[in-house]
Amino acid sequence: MPTAILADDERLMREQLRSRLEQVWPELQILDEAKNGEEAIQLVEKHQPDLIFLDIRMPIKTGLEAAKEIGNKAHVVFITAYDQYAIQAFDHGAVDYVLKPADVARLSKTVERLKSRLKAHDQPADMSNMLSQLAKQMGMSKPNYLQWIQASIGQELRLIPVEEILFFQSDEKYTRVQTANYEALIRKPVRDLSEELDPALFWQIHRSTLVNAKAISGVVRDLRGRHLVQVKGLTEKLEVSRSFVHLFKQM
């Protein structure tokens, strides 16, 4: 039976990929899961799998850094959310990729390629040149900002792309996650989110509020002189504290 390791820092993504792989490749045995690049390297050494599915952007060590150390010990399939450079490189190379969230049709193509390589007893590809090029093109030295938020909607746990979120607003216990179509709750406070989200995309306008800059339709003043942010598609307005009014002086 072919064997594999899954490496992604987001638990829901690992669970989804495992589930989809069970659909399209029931013979594949998932030996273990890693939450970062360093764990991925250790698990490859421990289990010696045929394959490893590596998320590109992970903490401690990225997927690219882990792939360099893994070398030809396993066939590598990269997991990527959006990286156009990665997709171009993989489409023209010997290494495959999975776009997340994993699509069954696309994953099926990946599985067929992997089966062919394993059947032919092909050696894992030499990725050194490609990995160096990708790391440079993708700016892997830049901070790895959050790309997804795991949030609760009633009893359901949902994975939300950060670009779809209009704003975050915290109270004493929960943080509200507002999209155009629904709201959800997380326990992580705004003060922590502000360090994990891209500051060019999410502006802090209050100690308890982060707003997606692309979702701002305007700023108005109320009768009390407070600045209020208008959010596209919503009637609700968000208060701007004095500490953050400077963000809107040019608007």
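Predicted model only: the values in this text are computed from it and were never measured.

**Some words on the packing of helix H1 (residues 11–24) against helix H5 (residues 104–119)**
So, point 1. With their axes 10 Å apart at the nearest point, H1 and H5 run at an angle of 65 degrees to one another. When you trace H1 past H5, the crossing you get is right-handed. Two secondary-structure elements touch here, H1 through Leu17, Arg20, Leu21, Gln23 and Val24 and H5 through Val104, Leu107, Ser108, Val111 and Lys115.
So, point 2. Each residue belonging to the contact of H1 with H5 can be placed in one class, and the counts come to 6 nonpolar, 2 polar and 2 charged.

**Section: the side chain of Thr110**
So, point 1. Along the chain, Thr110 turns up in helix H5.
So, point 2. Judged by relative accessible area, Thr110 falls into the buried class, the value being 1%.
So, point 3. With sequence-adjacent residues up to four places away left out, Thr110 is seen in contact with Val77, Asp96, Tyr97 and Val98.

**Observations regarding the nonpolar core**
So, point 1. Within the largest apolar cluster, 21 residues are counted, with the highest numbers of intra-cluster contacts made by Ile52, Leu54, Ile70, Phe78, Met127 and Leu131.
So, point 2. Secondary-structure elements contributing two or more residues to this core are strand S1 (3–7), helix H2 (37–47), strand S3 (51–55), helix H3 (63–70), strand S4 (75–80) and helix H6 (128–137).
So, point 3. Each residue touching Ile70, except ones within four places of it in the same chain, is listed here: Ile41, Val44, Ile52 and Leu54.
So, point 4. Grouped together as the second largest cluster of nonpolar side chains are 17 residues, Leu6, Phe53, Val98 and Val111 included.

**Points about the UniProt feature "modified residue: 4-aspartylphosphate" (unreviewed entry) in the protein chain**
So, point 1. Mapped onto the present numbering, the UniProt feature "modified residue: 4-aspartylphosphate" (unreviewed entry) falls at Asp55.
So, point 2. Within the fold, Asp55 resides in strand S3.
So, point 3. Among residues more than four places away in sequence, those in contact with Asp55 are Ala7, Asp8, Asp9, Gly63, Ile79 and Lys100.

**Concerning the packing of H2 against H3**
So, point 1. Where H2 meets H3, the axes come as close as 8 Å, and the angle between the chain directions of the two elements is 25 degrees. Overall, the two elements H2 and H3 adopt an arrangement that is roughly parallel. Between H2 and H3 lies a crossing of right-handed hand. Along the contact surface, H2 presents Gly37, Ile41 and Val44, while H3 presents Ala66, Glu69 and Ile70.
So, point 2. Grouping the constituent residues of the contact of H2 with H3 by class yields 4 nonpolar, 1 polar and 1 charged.

**Here we look at the pairing of strand S13 (residues 216–221)**
Along any regular strand the residues' side chains alternate between the sheet's two faces.
So, point 1. Looking at chain direction, S13 and strand S14 (residues 227–231) are connected through 5 bridges and run antiparallel. If you follow Val220 over to S14, its bridge partner there is Leu228.
So, point 2. Here S13 folds back onto S14, and the loop between the two strands holds 5 residues, one of which, Gly225, carries a positive phi near 85 degrees.

**What to know about empty space enclosed by the protein**
So, point 1. Inspection of every chain in the model, using the stated rule, returns 1 cavity of 30 Å³ or more.
So, point 2. Computed from the structure, the largest cavity encloses a volume of approximately 70 Å³.
So, point 3. Lining the largest cavity, in full, are Leu6, Asp8, Met13, Arg14, Gln16, Leu17, Ile79, Val98, Leu99, Lys100 and Ala102.
So, point 4. At the level of elements, H1 and strand S5 (96–99) are the ones that each hand at least two residues to the lining of the largest cavity.

**Considering the pattern of salt bridges**
So, point 1. For the structure shown, the criterion picks out 14 salt bridges.
So, point 2. Note that Arg158 and Glu156 form a salt bridge whose closest N and O atoms lie 3.3 Å from each other.
So, point 3. Assessed through its relative accessible area of 26%, Arg158 is described here as partly exposed.
So, point 4. Glu156 sits in the partly exposed class, given a relative accessible area of 39%.
So, point 5. Glu183 is the partner of Arg176 in a salt bridge, and the nearest nitrogen-oxygen pair spans 3.3 Å.
So, point 6. Salt bridges here are not isolated pairs; linked through shared partners, they connect Arg14, Arg18 and Glu33.

Conventions adopted
- Residues numbered from 1 in each chain as written.
- Predicted model: local features only at pLDDT ≥ 70, side-chain atom pairs only at ≥ 80, totals over all residues.
- Heavy atoms only, no water.
- Axes fitted to C-alpha atoms, helices over the stretch in contact; angles between N-to-C directions.
- Helix = DSSP H or I, 4+ residues; strand = E, 2+ residues; numbered from the N terminus.
- Left-handed = near helix turned anticlockwise from the far one by under 90°.
- Contact = heavy atoms within 4.5 Å.
- Nonpolar A, V, L, I, M, F, W, Y, C, P; charged D, E, K, R; others polar.
- Buried < 20%, exposed > 50% of the residue type's maximum accessible area, 1.4 Å probe, protein only.
- Core = buried A, V, L, I, M, F, W, Y, C linked by side-chain atoms within 4.5 Å.
- UniProt positions renumbered as here; feature names shortened; annotations may be inferred.
- Parallel < 35°, antiparallel > 145°, perpendicular 65-115°, else oblique.
- Pairing = 2+ DSSP bridges.
- 1 Å grid on protein atoms, 1.4 Å probe; cavity = no way out; pocket = protein on both sides within 12 Å on 5 of 7 lines; lining within 4 Å.
- Points joined across faces, edges and corners; volume = space filled by probe spheres on them.
- Salt bridge = Lys/Arg side-chain N within 4 Å of Asp/Glu carboxyl O.

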